[in-house]
Protein chains: 2
Amino acid sequence: MKIAIAQLNPTIGNISANARQILAAAEESAKLGARLLLTPELSLCGYPPRDLLLNPSFVQNMGEQLTELARKLPSQLAVLVGTVQTNSQAASRGEKPLFNSIALIDKGQIKQIFHKRLLPTYDVFDEDRYFQPGYESNYFTLDGIKIGVTICEDLWNDEKFWGKRTYQINPIEDLVKLDIDLVVNLSASPYTVNKHKLREEMLKSSAIRARIPIVYVNQVGGNDDLIFDGNSFSFNCNGQLMCRAKAYERDLVIIDYDEAKGDLLPGSIVNLPETEAEEIFLALVLGVKDYARKCGFTKVVLGLSGGIDSALVAAIASVAMGPENVLGVLMPSPYSSTHSITDAVALVDNLGINSEKLPIEGLMKVYDAALAPLFANTEFGVAEENIQSRIRGNLLMAIANKFGYLLLSTGNKSEMAVGYCTLYGDMNGGLAVIADVPKTRVYDLCNWLNRDREIIPFNIINKPPSAELKPDQKDRDSLPEYEILDDILERIICQHRSPAQIIASGHDRDTVNKVMKLVGRAEFKRRQAPPGIKITDRAFGTGWRMPIASRWLK
Amino acid sequence: MKIAIAQLNPTIGNISANARQILAAAEESAKLGARLLLTPELSLCGYPPRDLLLNPSFVQNMGEQLTELARKLPSQLAVLVGTVQTNSQAASRGEKPLFNSIALIDKGQIKQIFHKRLLPTYDVFDEDRYFQPGYESNYFTLDGIKIGVTICEDLWNDEKFWGKRTYQINPIEDLVKLDIDLVVNLSASPYTVNKHKLREEMLKSSAIRARIPIVYVNQVGGNDDLIFDGNSFSFNCNGQLMCRAKAYERDLVIIDYDEAKGDLLPGSIVNLPETEAEEIFLALVLGVKDYARKCGFTKVVLGLSGGIDSALVAAIASVAMGPENVLGVLMPSPYSSTHSITDAVALVDNLGINSEKLPIEGLMKVYDAALAPLFANTEFGVAEENIQSRIRGNLLMAIANKFGYLLLSTGNKSEMAVGYCTLYGDMNGGLAVIADVPKTRVYDLCNWLNRDREIIPFNIINKPPSAELKPDQKDRDSLPEYEILDDILERIICQHRSPAQIIASGHDRDTVNKVMKLVGRAEFKRRQAPPGIKITDRAFGTGWRMPIASRWLK
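Residue positions are given per chain, counting from 1 as you read along its sequence in written order. For this description, chains carry letters from A and ligands carry numbers from 1, given in the order in which they are written. Local features in a predicted model are, by the rule used here, given only for residues with pLDDT of at least 70; side-chain atom pairs are given and counted only at 80 or more, and totals for whole chains, interfaces and linings are based on all residues.

Peer 1: Mind laying out the interface of chain A and chain B, listing which residues take part and the relevant values?
Peer 2: The contact criterion used is a C-beta to C-beta distance within 7 Å, with each C-beta placed from the backbone. In this assembly, 77 residues from chain A lie in contact with 76 residues from chain B. Secondary structure counts use DSSP, requiring at least four H or I residues in a row for a helix and at least two E residues in a row for a strand, with both numbered from the N terminus. Looking at the side of chain A that touches chain B element by element, the count peaks at 13 residues for helix H11 (residues 382-403) of chain A. By the convention adopted, Pro, Cys, Tyr, Trp, Phe, Met, Ile, Leu, Val and Ala count as nonpolar, Lys, Arg, Asp and Glu as charged, and the other residues, Gly among them, as polar. Class assignment for the residues of the side of chain A that touches chain B results in 36 nonpolar, 24 polar and 17 charged.

Structural data, given as C-alpha cells:
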C-alpha cells in the first residue's frame, strides 16, 4: 500500500485555503497511486490556532469545510485530516469543549474521528486551555492493514527514551497491545536547534521497541514566532530510516508499506542541513518569508547600523524576500564611526539590497531643544541615548507605514535578555528575526555565511560590538564579554539555574548577580517586543510568561 | 473559635517580604484572640507567580521560607499559608512537577499540606502548565472542629449554580460527605466588573445547599494586568452574609465560629462600592498604585491631549499616586485645536497635578525634511499621522527615562480593539491604565467623577472625540459612533459572536464586517502593547492569545 505524506504549510485560520491545499495534495497523491494520505495535526486550520478556537463559528466553519472537502477528495484515497471536534458532553461531564482530532475520510465520507490523547501544556503549548484528551486508543483498518493513529505529543511519552514519564498514559504501548501493523503520527512540531534529530532518535527507538513501522508527518512553515521545519520521515520496524522529506519546504513523499513483509520499503531520503548554522539560518529565512507572506507583505525594511546583528538580519531577509525587496536604511548620528557607514554600504553591495541614508543629527538637535527646558542641568545619559534609537525607530516605521513594508527588528537574544536595547527604538518591528539567537551564535551564522566568499563584510565581524549611542561606546563597557554573558544567560534562561549554581560552575559572583538583575529588570521591555522567531527550547515570547511587577532576583 | 481573615497584598516573588506580611497578620490575629488565620492562595509567593515556578530554586526558597515562618508564628495560632509543593512522584507517574498547596502550620510545625483540586486553565489562568491537581478531599480538625479546605477554583464547579459542570469533580460535594463543620476557601480571584457579587451569590448558594458555613479569603492588590479586589466574606449555613472585608485594601477581619451552634456568628460588613463606575475607578486606582509601587516608581508621567481618555487616566493617577507625583505633558501640534490646550490646562488645575508644555511642530518639520527624499510626491496619510504620535511618545519616554518616572499610556479598549492608536506612539507606556475600558465606559467613569463637582472639564466630555492628527479630524470620520462600536466589540470580543450573529442582532452589515476586519488586523499592535489593567471577562493581554499571521475574518 502506497502512503503519501503531505508536508503542508497552512495559514492559521484560513480554513478554505488550507482545505484547497489538502485537496491538491490528495489529487497529486492519487495520481501517484497512493491509497492513504497523511496530513499534519490540525491541517485544516493550521497549528497553533490559539484563541481562534474560542469562537464557535470558527469551529463550526471547520466542520463545514471538512464535510465539503470529504465530498471533493479522490474516491480511491483515504485521507487523514487534522481538525477540531466539539465535545458534546463537555457541559455534562465537566470537560473541555473541544478535541484536537484527526478525521479519517474515505470514499467521500468521514469514517472515523480520532482524538489526541496527550495534550502539551508547557512552553508555547496551551492545549489544556482548549482541548479534552481522548481516552481511547486510535486506529483504523484499511485494506486489511491495522493502522494506529497518534497525534504529535501522543508519541512524546516514551519512558525508556526520556528516563521519565511526562504523562500517565503512553499511547504507543496501548497500540502495541492491539496488534497494530503500522503507526502514523500526525504532527505540528515546532523547530528548535537539532530537534529533527531528537524526533528521529525518539521514534527510531519507539519503532525498535514496539517492532512497528512508524510514519511521521510534520507541518512546515512559519506561524508568528514558531517555525515548523517539516523533516517528515518514516522508520521500519527495525528502526531503519525509510524516508525523509525536505526541511523548511512543502513536500509530498510516497512511502510503500509491504503487506507481505508487514513493513515499510525504502523510499527517498533528503539530507539534513550539514551544520547547525545552516539549519538555523534556513529556519530564520522561512520565518521571515512566511510571516511576511501570511501577513500580506512583499517588501521589508530594516535599519543598518553597520553592526553584525542588522547585517545578519539583512542577509536573512535578502534570501527570504529577494534582495530587490529589502530596503536597508542607514541612519548615522554624530556618534557613528566612519566604519559603520562604510561597513553598511559594503553589506548593501554584497547582498544587492536597496538602501537609503537618513542622517539623524538634525532630529537629535531638535529633540534636545524641545526637551531643554526640562533637561537643563542634567547629564547626558540613557534618556539621550534612547532618543537616538527612537528617532531611528520612528524613521523606519514612517517608511514602513508609508510604503506598506514590514519592518524587521534586529536585536539578538543576549540583548533582549539583559535589556541592552531600546523599547520603541531599535526594538521596533513586526517581527524580531534573531530575538532568539544569542550573540555568540550570531557570529557563528555570519561565519557560516562567509564560508565561500565575503557576504557579511569581515570588518563587521571583527570589530568590537557597539551601540554607538555615545562617543567611543562599546558593548563590553556595560556588559560582560559575550562568551561569558551567553553562557550565564543559557544557565539562567534555559536551564533555570540559581545564581549560586551558576557561580559554582565557575562564573564570577558579581557578574552573575549583575546579569541576573538585568534579566529580571528587562521584563517590561520583552513584554512589548515583537514576536521573535523561536529557535531554542526557551525563547522569549509566547512560551515565556513572567510577571513584571515582581521581585525574584532583581 | 475566632477565625482571622488576612486579606493580604503580596508582591509576586518577594517571598521573604510576603512571609513578613503573613507573620505581621498572625501577630495581630493572635492579639485579637484568633485561633485560626486564613491567608490567600499562594500567599507566600503571590498570585500569579507564572514562570517563576519553573525555577527549582524559587520553589526551594519557598519551602525554606515556609519552614522559617512556621518557627516564628505565634504558637496559639494555626495558620493556613498558600505555598507551592514539589510533586515527588511526578517523573515516575507522568504528572506535573508541582502542587498549588496550602500548608497548615500549628505550634511551629507544618502539620498538613492540602493540594488544589481544580486548576483553572482558561483566560489569564495557566495552572495546568505548572500544577498537578490534588486527588483527595482536604480537611483538618482544629479544637474538635472539622474544617474543609478549598483553594479558589475548587469552589467554582457548582453545577446547580452554573447550570453545567466545568470540572469532573466537585470538591464541596466530597467535603459534604465527610461531615465537615466549616469550609474555608483561600483564593486569589482577579477583579472584573461585578465579580464580587457573583462570588457572593455563588458561595451563598453553596452554603445553603451544603448547609455548611463558608469563609472566603481573597488576595488584594494589583499584579501587572490583574487586580485582586479583596472583598473577602463569609456566609453562615443559612446563606446569610456574616462578614465582608474591604475592597481594594489590605484588611484583617475576625469572624467567630460558635461550636455549640455549629455556625458562624455575625461580624462586621463593609459596604460595597455603590456604582459600577466607582468600583471600576477604584480598581484602576489600585492597579496604578500597585504597579508603580511594586516596580519601584514614585512618580508617573502621561501625555495630556485635551481628550477624555488622558483626562480619565490623569484623574486615576492623581488618586493613585497623589497629584504632586503626576506630571501631565501637553504636546500641541499645528492640528491641535485651541480647546485641546485650554481643556488640558483646566484638567491640570482641577486635579492639581504638575504639567509641562512641549510643542511638537519643530520636530514634525524636521521629520518631514528628513523623510522628504523618500516621501516626495506622496500624500499626507497615516505615516505622517503616526509620526506626530511617535514624537509625543518619544518625548514622554525621554522624560520617563531621564527622571525615572513611570509612563502611563491612555488608550481605551475600543481603540485597542480596532487599532485606532499608534504603536510606539500613544501606545507607549509601562502600564495601559484604561486599555480594558471601552470608550462608552470612559464617559461613564468621567460622569461619575463629576458627580459632585467638575473634575473632568465638561468641555472634554462634551466635545466630539478626535485624535487631532490632521485638520478637523474626528473619530467618527473613520469609526462608527462609540455606542454602536462598543456594542459590536462586546459581541466580537467577549461573546465570541460571528458576523452573521451580530448582523442578525440588528447591526449594519458593512459596519460589522469593517469592525471585524479592523479587530483582526490590529493584532500586531496589541501584541506589543503594555500590560493593561483587566476589568472585563475578556481583556487583551495575558488572557488574549491570538495568532497574528492568520486569516480568520480579516
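Peer 1: Quick rundown of the packing of helix H1 (residues 15-31) of chain B against helix H2 (residues 56-72) of chain B? Include the residues and the values.
Peer 2: Residues and elements named next belong to chain B. The convention used is that axes are lines fitted to C-alpha atoms, helices contributing only their stretch in contact, and that angles between N-to-C directions extend from 0 to 180 degrees. Relative to each other, H1 and H2 sit at 25°, their axes nearing to 10 Å. As judged from the angle between their axes, H1 and H2 are roughly parallel. Where H1 crosses over H2, the two elements pack in a sense that is right-handed. On H2, the residues that touch Ile-15, Ser-16, Ala-19, Ile-22 and Leu-23 of H1 are Asn-61, Met-62, Gln-65, Leu-69 and Lys-72. Across the contact of H1 with H2, the residue classes tally to six nonpolar, three polar and one charged. When describing relative orientation, an angle under 35 degrees is termed roughly parallel and one over 145 degrees roughly antiparallel, while 65 to 115 degrees is termed roughly perpendicular and anything else oblique. Should the near helix be turned anticlockwise from the far one by less than a right angle, the crossing is left-handed, and should it be turned clockwise, the crossing is right-handed.

Peer 1: Provide a residue-level description of the sheet that holds strand E8 (residues 182-187) of chain A, including the pertinent values.
Peer 2: All names here are of chain A. Should DSSP find at least two bridges between two strands, the strands are regarded as paired. The six strands are arranged E6-E7-E8-E9-E12-E13 in an open sheet whose pairing can be described as mixed. Looking at strand neighbours, the two that pair on one side only are strand E6 (139-142) and strand E13 (241-244), the edges of this open sheet. Direction aside, neighbouring strands of the sheet carry axes that sit 20° apart on average. Taken strand by strand, helix H6 (residues 195-210) contacts strand E9 (214-218) and strand E12 (233-235), and its axis lies near 155° from that of E9.

Peer 1: Residue-level account of unusual backbone geometry, with values.
Peer 2: Cis rather than trans, the peptide bond between Tyr47(A) and Pro48(A) has omega equal to 0°. By the secondary structure assignment, Pro48(A) is in the loop between strand E2 (36-38) and helix H2 (56-72). With a phi angle near 60°, Asp179(B) is a residue other than glycine that sits in the positive phi range. The residue Asp179(B) is located in the loop between helix H5 (171-177) and strand E8 (182-187) in this model. At Asp224(B), a residue that is not glycine, the phi angle is positive and equals roughly 55°.

Peer 1: Can you lay out the confidence of the model for chain A for me, pointing to particular residues and giving the numbers?
Peer 2: For residues with low pLDDT, the predicted coordinates do not support detailed interpretation. The predictor attaches a confidence to each residue, and that confidence, scored 0 to 100, is pLDDT. Mean pLDDT for chain A: 96, with 100% of residues reaching 70 or above. Reported confidence for the predicted complex is 0.96 by ipTM and 0.97 by pTM.

Peer 1: Run through the relation of the copies chain A and chain B, naming residues and quoting values.
Peer 2: The copies were overlaid with a least-squares fit restricted to C-alpha atoms from residues scoring a pLDDT of at least 70 in each copy. For the pair chain A and chain B, the relating rotation is 180°, the translation along its axis is 0.0 Å, and the fit reaches an RMSD of 0.0 Å. Taken together, the rotation angle and the small translation identify this as a two-fold axis. Using C-alpha coordinates, one finds that chain A approaches the rotation axis most closely at Gln528(A), a distance of 2.1 Å. Both copies contact each other with a shared surface, as 99% of the interface residues of chain A are interface residues in chain B too.

Peer 1: Which residues make up the packing of helix H16 (residues 482-494) of chain B against helix H18 (residues 509-521) of chain B, and what values do they have?
Peer 2: All names here are of chain B. Remark: H16 packs on H18, axes separated minimally by 10 Å, with the N-to-C direction vectors making an angle of 60°. In this structure, H16 meets H18 at a crossing whose hand is right-handed. Contacts between H16 and H18 involve Ile-484, Leu-485, Ile-488, Leu-489 and Ile-492 from the first element and Thr-511, Val-512, Val-515, Met-516 and Val-519 from the second. Of the residues assigned to the contact of H16 with H18, the class counts are nine nonpolar, one polar and no charged.

Peer 1: Lay out the pairing of strand E18 (residues 354-357) of chain A in plain terms, naming residues and giving numbers.
Peer 2: All names here are of chain A. Where strand E17 (residues 326-330) and E18 come together, four bridges link them in parallel fashion. Counterpart to Leu-327 in the pairing with E18 is Asn-354. Convention used here: a crossover is right-handed provided that the path from the first strand, over the helix, to the second strand proceeds clockwise when the strands point away from the viewer. Taking the sense of rotation as the criterion, the β-α-β connection linking E17, helix H9 (residues 338-351) and E18 turns out right-handed.

Peer 1: Give me the sheet that holds strand E6 (residues 139-142) of chain B: which residues, what numbers.
Peer 2: Residue and element names in this part refer to chain B. As summarised here, the arrangement of the six strands in space is E6-E7-E8-E9-E12-E13, forming an open sheet in which the pairing is mixed. For this open sheet the edge positions go to E6 and strand E13 (241-244), each flanked by a neighbour on one side alone. In this sheet, neighbouring strand axes are inclined to one another by 20° on average, regardless of whether the strands run parallel or antiparallel. Sheet analysis places strand E7 (residues 145-151) next to E8, joined by five bridges and oriented parallel. Paired with Ile-147 across the strands is Leu-182, a residue of E8. Lying on the sheet, helix H6 (residues 195-210) is in contact with strand E9 (214-218) and strand E12 (233-235); it crosses E9 at an angle near 155°.

Peer 1: Describe in detail helix H13 (residues 439-449) of chain B, supporting the description with residues and values.
Peer 2: The burial label depends on the number of other C-beta atoms within 10 Å of a residue's C-beta. Counts of 20 or more mean buried, 12 or fewer mean exposed, and intermediate counts mean partly exposed, with C-beta atoms placed from the backbone. Along H13(B), the residues classified as buried are Lys439(B), Arg441(B), Val442(B), Leu445(B), Cys446(B) and Leu449(B). Around the axis of H13(B), the buried residues are gathered within 150° of arc, so they sit on the same side. What the arc covers is the set of directions going from the helix axis to the C-beta atoms.

Peer 1: Describe the environment of Ile353(A), naming the residues involved and giving the relevant values.
Peer 2: Residue and element names in this part refer to chain A. Residue placement: Ile-353 occurs in the loop between H9 and E18. Since 23 C-beta atoms lie within 10 Å of it, Ile-353 is described here as buried. Taking C-alpha positions, Ile-353 is 9.2 Å from Ala-315, a pair spaced 38 residues apart along the chain.

Peer 1: Just give me the short version of the domain arrangement of chain A, but keep the residues and values in it.
Peer 2: Residue and element names in this part refer to chain A. Splitting chain A by domain gives domain 1 (2-272) and domain 2 (286-475). Measuring from the centre of the C-alpha atoms in domain 1 to the corresponding centre in domain 2 gives 40 Å. On the domain 2 side, the residues contacting the six residues of domain 1 number six residues. For the side of domain 1 that touches domain 2, the residue count by class is two nonpolar, three polar and one charged. As annotated, the domain borders come from an automatic or database domain assignment.

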